[in-house]
Every structure is written in structure tokens, then in C-alpha cells.
Amino acid sequence: MFRQSQKWHAENKIVAIVPTMGALHEGHISLIRAAKSKADKVIVSIFVNPTQFGPNEDYDNYPRTLSEDIKKCREAGVDVVFSPSVPAMYPDNSSTWVNEDVLSQYLCGTRRKGHFRGVCTIVLKLFMICSPDIAIFGQKDAQQSIIICRMVRDLNIPVKIIVAPIKRESDGLAISSRNKYLSPKEREQATVIYKGLQEVKKWQKEKLSVAQIRRKLIRFIQQEKDIRIDYISIVNVDTISEITRPDKGDKLLIAVAVFFNKARLIDNIEIKW
Ligand code: PAF
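Model, not experiment: these values are computed from the prediction.

Novice: Kindly report on the site of the ligand, identifying the contributing residues and their values.
Specialist: Neighbouring residues of the ligand: P19, T20, M21, N49, Q52, I122, F137, D141 and Q144. Note that an oxygen atom of the ligand is positioned 2.6 Å from one of the side-chain N or O atoms of Q52. Out of a free accessible area of 290 Å², the ligand has 89% covered by protein chains.

Novice: Quick one: what's the story with the pairing of strand β5 (residues 160–164), residue by residue and with numbers?
Specialist: Examined bridge by bridge, strand β4 (residues 134–138) and β5 share five bridges and lie parallel to one another. Of the residues in β5, the one forming a bridge with I134 is K160. With helix α7 (residues 142–154) bridging β4 and the parallel β5, this β-α-β connection has right-handed handedness.

Novice: Help me get a handle on the sheet that holds strand β2 (residues 41–46), residues and values and all.
Specialist: If you walk across this open sheet you meet the five strands as β3-β2-β1-β4-β5, and the pairing is parallel. Unpaired on one side and paired on the other, β3 (80–82) and β5 mark the two borders of the sheet. Strand-to-strand twist across the sheet, computed as the mean angle between neighbouring axes with direction ignored, equals 25°. The strands touched by α7 within the sheet are β4 and β5, with β4 carrying the most contacts at an inclination of about 155°.

Novice: Describe the pattern of salt bridges, naming the residues involved and giving the relevant values.
Specialist: The full count for this structure, using the stated rule, is 13 salt bridges. The salt bridge involving D154 is made with R153; its shortest N-O contact spans 2.8 Å. What makes D154 partly exposed here is its relative accessible area of 41%. Owing to a relative accessible area of 57%, R153 belongs among the exposed residues under this scheme.

Novice: Any chance you could break down the nonpolar core for me, citing the residues and the numbers?
Specialist: Judged by nonpolar contacts, the single largest core of 40 residues is most densely connected at V123, F127 and I161. Of all the secondary-structure elements, those providing two or more residues to this core are β1 (15–20), α6 (115–130), β4, α7, β6 (227–236) and β7 (251–260). In terms of residues, this core owes the most to one element, α6, which gives nine residues. Residues contacting I161, with those up to four places away along its chain left out, are F127, A135, F137, I148, C149 and V152. Counting residues in hydrophobic clusters, the runner-up holds 27 residues, among them V192, I221, A263 and I271.

Conventions adopted
- Residues numbered from 1 in each chain as written.
- Predicted model: local features only at pLDDT ≥ 70, side-chain atom pairs only at ≥ 80, totals over all residues.
- Heavy atoms only, no water.
- Near = heavy atom within 4 Å.
- Polar contact = N/O pair within 3.5 Å; in protein donor to acceptor, adjacent residues only side chain to side chain.
- Areas by Shrake-Rupley, 256 points an atom, 1.4 Å probe, with all protein chains shown as cover.
- Pairing = 2+ DSSP bridges.
- Helix = DSSP H or I, 4+ residues; strand = E, 2+ residues; numbered from the N terminus.
- Right-handed = clockwise from strand over helix to strand, strands pointing away.
- Axes fitted to C-alpha atoms, helices over the stretch in contact; angles between N-to-C directions.
- Contact = heavy atoms within 4.5 Å.
- Salt bridge = Lys/Arg side-chain N within 4 Å of Asp/Glu carboxyl O.
- Buried < 20%, exposed > 50% of the residue type's maximum accessible area, 1.4 Å probe, protein only.
- Core = buried A, V, L, I, M, F, W, Y, C linked by side-chain atoms within 4.5 Å.

Now the structure itself:
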């Protein structure tokens, strides 16, 4: 992969990567479209990365649909699908990791210990192997994108990160590979997440405080009894730390993580205070 990419660079081609764990859906296709609009050559990596899953998470059950994914990539005009094996990415006795120490402490980082270490490590490895100029990530995983931007800055990695907007179903549910885990009833109930996030804008106009907005959002989402809230946080977009008294003009991330049985869904919106 590295040689192919170097060849493209020698031909002055701009190379983009869209890192994925496969089970490709419209959300991924929108990232591929964003990549194609910015680059001459597009690589999609498909790798279910074991090191970003906790012991009780869904690594074994994570949907794996490689041949369909390759077909979708072909239809979307992807130049190369890079789909390495686990031993190729993590040789025996692998013992070097990339740790981002601060932003990883919040939101999903408190719930999924070691998750962002796994993400940063694999993303850096993909960058080393694929040598892209540009990498596209989705805003749905807002914290992941923020941490990757920090890693790229801190380690002087010559890759431009582009964060593409969340792709949603027509009823607002953020498209995710994990939506497959929902029963039809849960799928219907899951629309409460986006509806709640939209209510936030209304509550903000009513001049409610951050604490009041957070409490109202919790109550709104809890209307659906099958949902278990993992966290609902209102944080500063740059530091991902909780914010209680924002200044006018501050950018806030309203981040939600919920469970339906074992399926964990996340969503977010950004607002300007
Ligand atoms: O967002 C994902 O699908 C994964 O976290 C990523 C970036 C492909 C790393 O495994």
C-alpha cells in the first residue's frame, strides 16, 4: 500500500484515506464522497480493530460484510480497499501504543477504557502504511475526531484531517453500523435522541442554563423506557471538558451515549452559545 501511495505522490496526486471498520452504510459513503471531492485517489481501509474494543464489548459480533463492502466501494469509485488481517496489523508481541492523555479522559473515554489508545494506534498505523495527504472522519464520533486532530498536531503527522457532517436517516437517527442491533421497536424509540438534540436549540433560545438544558434533555430521552442513558454531557468543543457557564460565542458539543440492551448508540450536535 505504501509503495502505491508513494507512486501516486510522485505523480502529484492527492491521496485521501477513509478509515472504517467495514459494514459500510450511507454514512461511510458520504465520507467517501467527501474524500473524492478533495482528492485524486481514495483509499478505504476496512479493519475491525480489536484493540479499541473493551472485554465486554461487541468485537466478536461486530458486523463483518467484506464482500458487500468491496462492492459498495467499487460503486462509490474508491481506488483501493485496504483490508489487512489482525496479525498483519498487530504482530505477536506488539508493545507500542499511541496514547492521547487528556481529551481521552472524558465522555466515551471514561466508559470505554483503552478505547482511544486503540483508535489512535490503529489510525497512526494506517497513516504510516497508506501515507495519505488527507483523512476523512465522521462528526458522529466527535470525540474521536477531536482526539485524532490532537494526535496529528502533537506528533507532527503530515495528514490533513477533515471532519464530515453526520449522515442521518430521514427521521433523524444518526446512521451507524450498530443500528443493526436494534429491534424494530427500539429503532422507532431511537429517534428520541435526535429529537432531544433538536429541542436543545429551542431551550437555548428560551435562555435556559447549561445545567437546565442537560436536565431537560435527560428527561426528554428518558421518555423512552427501553433506553438506558450512558452519558449526556455538554462540553467545550476544544477541550471536551464539562462546561457550566459558557461565555457568549463559545462552541459547545452536546454529546449523548445511550444503550438499548447491549447496543450503544452515540450522537451529538454542536451549538454556539
Ligand atoms: O470510526 C471508526 O470506524 C474507527 O474508530 C476507526 C477510525 C476506523 C479506527 O478503527
